[in-house]
Amino acid sequence: MAKNLKARDIMTAGVQCVGEHQSLLDASRMMRDLNVGALPICGDDQRLQGLITDRDIVVRCCAEGKDPATMKAGDLGGNLHWIDADGSAMEAVDSMEMHQIKRLPVIDVKNGHKLIGMITEANLAKNLSDEQIAEFAVRVYAAN
């Protein structure tokens, strides 16, 4: 990976949020329509509040016997990790490895702290060497 690449250079732009007060049913439909496995959760102020995955909906809602039509996306926000759009791409990789996450929201801190994109494994695959991809996979997928 080129050392001067920033997070904004490797991210996927145009990310859509599910509102923290929207139901998990709404979130699952958004995921289907957008063909994604995760959505950022945004508050009423349009700031990032968390991230929800399709697995979260299945394991933490459906498998627990809860109703996805009444459970709110904000209830499953979990730990929040993100990177500043002007942070280095390698910082993004390091953060994803350290926190063992496969998706990292990108925030434009200078312009109102807005969510502007997402870095995913696919973005890394396009920008990392084969050796770096292998190292990432070991660190993120390795059993603890």
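Look a little higher up for the structure.
Worth saying up front: this structure is predicted, and the values here are computed from it rather than measured.

Visitor: Help me understand helix H4 (residues 89-99) in this model?
Guide: Burial in H4 covers these residues: Ala89, Ala92, Val93, Ser95, Met96 and Glu97. Considering only its buried residues, H4 is in contact with helix H1 (7-10), strand S5 (83-84), strand S6 (103-108), strand S7 (114-120), helix H5 (121-127) and helix H6 (130-141). Positive backbone phi, at 50°, marks glutamine 100, one or two positions downstream of H4.

Visitor: Would you mind going over the sheet that holds strand S2 (residues 18-19) with me for this structure?
Guide: On the basis of which strands lie adjacent, the open sheet formed by three strands has the order S2-S3-S4 and mixed pairing. Pairing within the sheet leaves two strands with one partner each, and these edge strands are S2 and strand S4 (48-53). Across two bridges, the pairing between S2 and strand S3 (residues 38-42) is parallel. By the bridge assignment, glycine 19 is partnered in S3 with cysteine 42. On top of the sheet, helix H2 (residues 24-34) reaches S2, S3 and S4; it is set at about 130° to S3, its chief contact.

Visitor: Would you mind going over the environment of glycine 74 with me for this structure?
Guide: In this fold, glycine 74 is placed in the loop between helix H3 (54-60) and S5. The class for glycine 74 is partly exposed, based on a relative accessible area of 37%. In this structure, the C-alpha to C-alpha distance between glycine 74 and glutamine 16, residues 58 residues apart in sequence, is 15 Å. Excluding residues within four positions of it along the chain, glycine 74 makes contact with Glu20 and Ile41.

Visitor: Would you mind showing me how to read unusual backbone geometry here?
Guide: Keep in mind that most residues, glycine aside, have a negative phi and that most peptide bonds are trans. Positive phi, close to 55°, is recorded for asparagine 35, a residue that is not glycine. Mapped onto the secondary structure, asparagine 35 falls in the loop between H2 and S3. Phi is positive for histidine 113, which is not a glycine, with a value near 60°. As for its placement among the helices and strands, histidine 113 is situated in the loop between S6 and S7. On the basis of relative accessible area, histidine 113 is assigned to the partly exposed category, the value being 23%.

Visitor: I'm lost on H2 in this one. Help?
Guide: Three or four residues apart is the spacing at which side chains of an α-helix point the same way, because the helix has 3.6 residues per turn. Those residues of H2 that fall on the buried side of the exposure criterion are Leu24, Ala27, Met30 and Met31. Here the buried residues of H2 occupy an arc of 115° about the axis, which is enough to place them on one side. Pointing more than 90 degrees away from the buried face of H2 are the exposed residues Arg32 and Asp33. At its buried positions, H2 is contacted by S2, S3, S4 and H3. Of the residues that open H2, the one with a side-chain oxygen 3.3 Å from the backbone nitrogen of leucine 25 is serine 23.

Visitor: Can you walk me through the environment of aspartate 84 in this structure?
Guide: Within the element layout of this structure, aspartate 84 appears in strand S5. Sequence separation of aspartate 84 and histidine 113 is 29 residues, and the distance between their C-alpha atoms is 8.7 Å. Those residues in contact with aspartate 84 that sit more than four places away from it in its chain are Ala7, Val106, Ile107 and Val109.

Visitor: Help me understand the pairing of S4, please; the structure alone is not making it clear to me.
Guide: Each regular strand displays side chains that alternate between the two surfaces of the sheet. Counting buried positions over the six residues of S4 gives five, a clear majority of the element. In the sheet, S3 pairs with S4 via five bridges, with the strands oriented antiparallel. Bridged to leucine 39 within S4 is isoleucine 52. Taking the residues between adjacent antiparallel strands as the criterion, S3 and S4 are bridged by five residues, where glutamine 46 takes a positive phi near 65°.

Parameters and conventions
Residues numbered from 1 in each chain as written. Predicted model: local features only at pLDDT ≥ 70, side-chain atom pairs only at ≥ 80, totals over all residues. Heavy atoms only, no water. Buried < 20%, exposed > 50% of the residue type's maximum accessible area, 1.4 Å probe, protein only. Helix = DSSP H or I, 4+ residues; strand = E, 2+ residues; numbered from the N terminus. Contact = heavy atoms within 4.5 Å. Pairing = 2+ DSSP bridges. Axes fitted to C-alpha atoms, helices over the stretch in contact; angles between N-to-C directions. Arc of directions from axis to C-beta. Polar contact = N/O pair within 3.5 Å; in protein donor to acceptor, adjacent residues only side chain to side chain.

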